[in-house]
Amino acid sequence: MSEQTLVLLGDSILDNRPYTAPEPDTAAHLHRLLGRAWSVQRLAQDGAVMADMRFQLGQLQGRPTVAVLSIGGNDAAEHVGLLGRRAATSSEVLQELLE
């Protein structure tokens, strides 16, 4: 049976070793749960933003069986003032984010 690969892409939600130590991080838990038939490749990086995805995807080795993506929190944090506005509708907020 060939090895299957799970790749973790995105930000600190998946690259969380500094936040979970001394307990296992997400990648270690997944490796333990999935067993020897799987490899877990962590390409996610703490602090990553959506623009970093091109770099992370460029680091892929082959085609993974499964990919998990968590990204966008750091992008949103740059606009916390905009996101906290009470009077704005969701469409107004999205339009301003696009601009």
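Keep in mind it's a predicted model, so treat the numbers as computed, not measured.

(A) Region of interest: the overall build of the protein. Helix and strand content of the protein: six helices and three strands. In terms of C-alpha radius of gyration, the protein reaches 17 Å, well past the compact-globule figure of 13 Å for 99 residues. A principal-axis box enclosing the C-alpha atoms of the protein has dimensions of 55 × 30 × 20 Å. Residues classed as buried in the protein amount to 28% of the 99 residues present. The long-range fraction of contacts in the protein, counting pairs at least 24 apart against all pairs at least 6 apart in sequence, stands at 68%. Surface summary for the protein: the accessible area is close to 7,000 Å², and the carbon and sulfur share equals 54%. Where the 8 positive side-chain charges of the protein centre and where its 12 negative ones centre are 8 Å apart.

(B) Local environment of the sheet that holds strand β1 (residues 4-10). Strand order across the open sheet formed by three strands is β2-β1-β3, with parallel pairing between neighbours. Edge positions in the sheet fall to β2 (38-42) and β3 (66-70), since each of these pairs with one other strand and no more. For this sheet, the mean inter-axis angle between neighbouring strands, taken without regard to orientation, is 15°. Examined bridge by bridge, β1 and β3 share five bridges and lie parallel to one another. Looking across to β3, one finds that G10 is bridged to S70. Strand contacts of helix α2 (residues 26-34): β1 and β2, with the helix running at about 170° to β2, the strand carrying the most contacts.

(C) Geometry of the nonpolar core. In this structure, L6, L8, L14, A27, W38 and A44 together form the largest nonpolar core, which totals six residues. When sequence neighbours within four positions are dropped, the list of residues in contact with W38 reads E3, Q4, T5, L6, H31, T65 and V66.

(D) Structural context of unusual backbone geometry. For the peptide bond that leads from A21 to P22, omega is 10°, which places it in the cis range. Note that P22 resides in the loop between α1 (17-20) and α2.

Reading the values: the criteria
Residues numbered from 1 in each chain as written. Predicted model: local features only at pLDDT ≥ 70, side-chain atom pairs only at ≥ 80, totals over all residues. Heavy atoms only, no water. Helix = DSSP H or I, 4+ residues; strand = E, 2+ residues; numbered from the N terminus. Rg over C-alpha atoms; globule rule 2.2 N^0.38 Å. Buried < 20%, exposed > 50% of the residue type's maximum accessible area, 1.4 Å probe, protein only. Contact = heavy atoms within 4.5 Å. Areas by Shrake-Rupley, 256 points an atom, 1.4 Å probe, with all protein chains shown as cover. Lys, Arg positive; Asp, Glu negative; His and termini not counted. Charge placed at Lys NZ, Arg CZ, Asp CG, Glu CD. Pairing = 2+ DSSP bridges. Axes fitted to C-alpha atoms, helices over the stretch in contact; angles between N-to-C directions. Core = buried A, V, L, I, M, F, W, Y, C linked by side-chain atoms within 4.5 Å.

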